[in-house]
Number of protein chains: 2
Amino acid sequence: MMTFTPLLVLELASDTKKEAIAWLLSRMRDQQQNGGAELIVEQLGPGVSTQEKENLNIFLVGASRQRLLSGAEEIGFFKEFKDGSMRAFTCTNKYDFKDFKGDGDSFFSVAECQYIIKHELDTLRAKDETHVPGYTQAKLYPGKSLIRRLQSKGILIQMFPLHEKEELKRLSFSWYKKVKLSLQPLDDIRHYYGEGQALYFGFLQYFTFALVPFAVIGVPYYMFDWEGYDKHVVLAVFNLVWCTVILELWKQFSASLAYRWGTLSRKKAFEEPRPGFHGILGFNPVTGREEPLYPNTKRQLRIYFVSLPFVLLCLYLSFCVMMVYFQMESLVLSIHDEDPTFCSGVLLFIPSIIYAVVIEIMNFIYRYAAEFLTEWENHRLESSYQNHLVLKVLVFNFFNCFASLFFIAFIMQDMVLLRQSLATLLITSQILNQFMEAFLPYWFQRRRNKMMIHKVRKIRTLEDKELPLVEQVRLETYMSTYLGTFDDYLELFLLFGYVSLFSCVYPLAAVLVVLNNITEVYSDAFKMCHVFKRPFTDPAADIGVWQLAFETMSVIAVVTNCALIGMSPHVKAYFPDSETQLILWTVAVEHVLLAFKFILTFLIPDVPKHIQIKLARLEFESQEALKKKKMLEASELSKTIQ
Amino acid sequence: MMTFTPLLVLELASDTKKEAIAWLLSRMRDQQQNGGAELIVEQLGPGVSTQEKENLNIFLVGASRQRLLSGAEEIGFFKEFKDGSMRAFTCTNKYDFKDFKGDGDSFFSVAECQYIIKHELDTLRAKDETHVPGYTQAKLYPGKSLIRRLQSKGILIQMFPLHEKEELKRLSFSWYKKVKLSLQPLDDIRHYYGEGQALYFGFLQYFTFALVPFAVIGVPYYMFDWEGYDKHVVLAVFNLVWCTVILELWKQFSASLAYRWGTLSRKKAFEEPRPGFHGILGFNPVTGREEPLYPNTKRQLRIYFVSLPFVLLCLYLSFCVMMVYFQMESLVLSIHDEDPTFCSGVLLFIPSIIYAVVIEIMNFIYRYAAEFLTEWENHRLESSYQNHLVLKVLVFNFFNCFASLFFIAFIMQDMVLLRQSLATLLITSQILNQFMEAFLPYWFQRRRNKMMIHKVRKIRTLEDKELPLVEQVRLETYMSTYLGTFDDYLELFLLFGYVSLFSCVYPLAAVLVVLNNITEVYSDAFKMCHVFKRPFTDPAADIGVWQLAFETMSVIAVVTNCALIGMSPHVKAYFPDSETQLILWTVAVEHVLLAFKFILTFLIPDVPKHIQIKLARLEFESQEALKKKKMLEASELSKTIQ
């Protein structure tokens, strides 16, 4: 029986040497004064399927309540104070926090406790060990994080937090099992998965709601085929204002959420190097600690002379594929023109569908190449790695998905084909995405789950299909690892592109995206609950680089929409004599709209007023307290002198 | 004789009631524990010119060394530490700062001491007084700054820091008396005038140097009348990259300066309401103190329904004046065409000169109106007042100065007239500015100075033309007050516009601006030393809103330059068949350049790498120290429990 609540699972390689395990466990259990982590660790007992080759080096990690509280103080979690403001948690005045009762049992959520333990493990540092016992090649130096070295040497296979079955049931019920129109239970999601996840679902929900007015306006345009100058301009101006305003208001909304969750003003700890980062040992100029260093110039060379050419090559390849698609398109069109039957009418959609599938496959392959290259660029920080990866993937995906549409719109100037391509691309990619992203992994996981239950049933009977802890843990070690919100945001980004870039040609896109988002919410929620290992929480205060990506897209959308309107025959009819006049007017309007957009971005504050005031009050109070303390010290000093 | 070093002068109204003076002095001299400022105050003796009606209520303020140190700690001055980093000064570890020797006599510059005393006076607050003694209408409430109330009721006429004659001589020698090519003595300027002034002179110098390559490139274009397509494009691209890069590098340069001067990471104190701010007494949501409140909606109404229409009206007026100018221009041209003589040739320049003078006058009048309106909008903070004033003035000045040039360039498309107008406007406004800004005030001050020396000589003989302290102080009370760097930056902003907006039409503009800037340095330095009262230092970390203004101008410059190139006949010759093609190409190039510009802005970091590292190290060290402290506390606590 477990004598503590297990929070984390550590899986070491099954052939890990005994001395390494003993050393690691002693370091994890050792007191903090001696440089240990003061955690509780226990080995997981053998499972039911002893006939198979099973990894026995699985450990459950927990911590005493006191240890969790001191860990929380070290991280600096922000919690609600008695006066309603958010303050950094400290053990000395723990009773002044609003929800702290008794010995603080449920003050921190399980997800937060898991984050604390992860932080403690990450900051468990080598003392005078020169290498991991039993592994002379796994070098250590004072201050090196043990966990990162074990990870990079493949001794530590994985480390993940445990799911809570009961919590998960409750969450999944309020999240997606009720078939009714309701808001996402963001606070519950945050409670179970942390801020990063909750912000993603918050954004998904916000984005969907924000698209609704656009979809509502778009429907009559599509149904009645409105094409007048004034109507187009109304739609385009609405599009512009809408894009800018929703992105700005999202900033405010996310700041409110982050304030409530205590991540808005939490100070970032000093970032450790990534596990995969390598270099020659030197001294970090910031911490003064020994650490591998890698010259920046070398990284720049790799970026500009390998990664950049590679990305350009991929873009060229994507361009070639696009050209093949256009040839297929014209071939099919000539067949249909020669002998228009129902079959050839269906055939018209085939090239677009094939192209959409090829696009998805290319995006998929490119993604791996981009990860490999960014890994090879050897970035010191996880954040810088992420930024370079996002940039690479975004540029390629943008080009891959939208190049053909740009080509059709501005080079071929064929609005009918544009509308048809846009619809086919959008619908095909939606279907493919939902299938690849949710259904397939779910199906695999379900099979695995059933097999495990089946195995257990062979030995003893199970009530209510509940697995015992040991089996549950083993089952979770086989679950897929959730790789973060990257792909989810990327999908939203591309959908946003389909809606905003050519909105005045195909206003129905918004309707399709709204529908997609509704199913996306369900499938994302479902896969979070049933397909993946529980991820560690990610104390995010905003959606990071994606805010910038969406804003850039909305700027591009202004340009494309203005150009599309300028090209429409109804607008051309207003300038019968001079095409020059038409273009000059279009360009002028576009510049004015862009300027207006920037002014709007500037005028709407990023953080809502009432939160600004709360933050200012906290800042003011801490300054006043500091002043008082200094005055006291000074008067005491003068008394001592006297 | 003075028993202390006088640092500040307080001038009260000559008819101030005795009880008010006695009360103010006692509050200023009272100990800090009792809510006083603990300063030294002495009345200034009568001057030589007793025959005239002279104000006797002039007070000199100083402070003990200990008081200055504790004040410096309260403000949080950043000073160089022994290890070379910049840290907030504290009395307890004062000996760990690099330049702290003995009792810290010259550790703080006189300007810093004056700032400390100003801060102490500003934060001298009412206790239980309900009004200023003797003035029932000058209401007070607990926490109200006394000085601000006295200022707003006209009892306190002025408060200014004293010049140091010796320092000033030394500074002016290294600053402008040596006629040799040398960099501005920025550290000395900062030492005497503070960071805001030093940053202005730093920017002026930087801007001048940055213009030099532009001027060098411009000269052959002007002399040999280069007009080819490629040459224009080279110039325009250079212009674009140059504008972006210098503005980004300036950010880095100013961050380096601000780091060295300790203002980069100094925390801003909570901003007090402006002296002129009025409203109904309520509680500030941030401080919880009693304070006048003014509803934001009311202010917004004033801004959008009074200020905005007024600005638009002024713009319309400026437009009308421009139209009159064009009529004058065509009239003169017709006279010259009928009978071209030398006289009529000279006459051609007259309308432009008159127009330039009228522009200057309109700018001058508008400035007062803008100040009045912004005052009337009743902003709570000085910073928000400044932002609204800058915005109003910038928009009008931009329109007033450049509207005619835009009209000539893009509506009339007359490049010869554009070049001529640009040159006349630029030269006339430069001459006018130098005259109004430096020569006139200097002349007035010189007269006043001579009269004072003359008066003193009547009574006793003076050696070396040095005035005794009493006379010196009285003389300084009559000096003009320096109104900040606003006008200086505005002038640079307009010059930047003349250079960058139409650079490919009149490349010589850069040469003129460089010449102007060189004289500007001298005249500005001269008037700072001899015309104005010493200003209080302004602990600025950057040039604030002007950075944004200059960046906006450089974006507009990209648009105008692209348009100008597209309109040039040499470029038109490349597209003989289709004007549409030409325009589309121009627009495409413009968009690419703008995108490139934004990427460049994004890529160049605002703070240089080595300073980022230093700041990160400080942050890391303070976090580590906090952690250690908490660990110690925790272990002590556990010992006590045992």
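Residues numbered from 1 in each chain as written. Chains lettered and ligands numbered in written order. Predicted model: local features only at pLDDT ≥ 70, side-chain atom pairs only at ≥ 80, totals over all residues. Heavy atoms only, no water.

## Digging into the pairing of strand β1 (residues 8–12) of chain B
Residues and elements named next belong to chain B. Counted only if it meets this: Whether a residue is buried, partly exposed or exposed follows from its accessible area with a 1.4 Å probe, protein chains only, as a fraction of its type maximum: under 20%, in between, or over 50%, in that order. Secondary structure elements are defined from DSSP: runs of H or I of at least 4 residues count as helices, runs of E of at least 2 residues count as strands, and each element is numbered from the N terminus. Two strands pair under a simple rule: DSSP has to find at least two bridges between them.
Extensive coverage of β1 is indicated by the burial of 5 of its 5 residues. Side chains Leu8, Leu10 and Leu12 project from β1 onto one buried face, and the interleaved Val9 and Glu11 project onto a second face that is buried too. Pairing between β1 and strand β3 (residues 58–62): 4 bridges, direction antiparallel. Note on β3: the bridge partner recorded for valine 9 is leucine 60. Across 5 bridges, β1 lies against strand β8 (residues 156–161) in antiparallel orientation. Opposite valine 9, over in β8, you have phenylalanine 160 as the bridge partner.

## Brief notes about the pattern of salt bridges
Here is the rule: Salt bridges, as used here, are contacts in which a Lys or Arg side-chain nitrogen is within 4 Å of a carboxyl oxygen on Asp or Glu.
Following the criterion strictly, the structure yields 46 salt bridges over all chains and no others. Glutamate 112 of chain A is the salt-bridge partner of lysine 79 of chain A, the closest N and O atoms lying 3.2 Å from each other. Of this pair, lysine 79 of chain A sits in strand β4 (residues 78–80) while glutamate 112 of chain A sits in helix α3 (residues 110–122), and the two are 33 residues apart along the sequence. A salt bridge links arginine 87 of chain B to glutamate 621 of chain B, with the shortest nitrogen-to-oxygen separation between them at 2.8 Å. Of the two residues, arginine 87 of chain B sits in strand β5 (residues 86–88) while glutamate 621 of chain B sits in helix α20 (residues 609–641), which places them 534 residues apart along the sequence. Here glutamate 621 of chain B falls in the partly exposed class, since its relative accessible area comes to 32%. Taken together, the salt bridges that share partners define one network made up of Lys79, Glu112, Arg190 and Glu195 of chain A.

## Looking at the relation of the copies chain A and chain B
Applied cut-off: We place the copies in one frame by least squares, fitting the C-alpha atoms of every residue whose pLDDT is at least 70 in both. We call two residues in contact when some of their heavy atoms are within 4.5 Å.
Between chain A and chain B, the superposition needs a rotation of 180 degrees and an axial shift of 0.0 Å, giving an RMSD of 0.1 Å. A rotation of that kind, with that shift, is consistent with a two-fold axis. Relative to the rotation axis, the C-alpha of threonine 580 of chain A is the closest in chain A, positioned 2.7 Å from it. Both copies share a contact surface, since 100% of the interface residues of chain A are interface residues in chain B too.

## Side note on the sheet that holds β3 of chain B
All names here are of chain B. Filter applied, for reference: Fitted lines through C-alpha atoms give the axes, limited to the stretch in contact for helices. The angle between two N-to-C directions lies from 0 to 180 degrees.
Read across the open sheet, the 4 strands follow the order β2-β3-β1-β8; overall the sheet is antiparallel. Edge positions in the open sheet fall to β2 (40–43) and β8, since each of these has one partner strand only. Along the sheet, successive strands turn relative to each other by an average axial angle of 20 degrees, direction set aside. Taken strand by strand, helix α14 (residues 469–478) contacts β1, β3 and β8, and its axis lies near 105 degrees from that of β3.

## What about the domain arrangement of chain A?
Many structure descriptions define interface size as the accessible area lost when the parts assemble. Residue and element names in this part refer to chain A. Filter applied, for reference: These domain boundaries are the output of an automatic or database domain assignment. Put simply, buried area is the surface a 1.4 Å probe can reach on two separate parts but cannot reach once they are joined, added for both. For the purposes of these results, a polar contact is taken to be a pair of N or O atoms within 3.5 Å, where, inside protein, one atom must be able to donate a hydrogen and its partner to accept one; residues adjacent in sequence count only when each atom of the pair is a side-chain atom.
The assigned domain composition of chain A is domain 1 (8–162) and domain 2 (172–294 + 378–607). Taken together, the contact between domain 1 and domain 2 spans 39 residues of the former and 35 residues of the latter. Taking both sides of the interface into account, the surface hidden between domain 1 and domain 2 amounts to around 3,300 Å²; carbon and sulfur atoms contribute 60%. The tally of links from domain 1 across to domain 2 stands at 1 salt bridge. Where glutamate 112 meets arginine 190, a salt bridge forms, and the shortest distance between an N and an O atom there is 3.3 Å. The interface formed by domain 1 and domain 2 contains 7 residue pairs in polar contact (both at pLDDT 80 or more).

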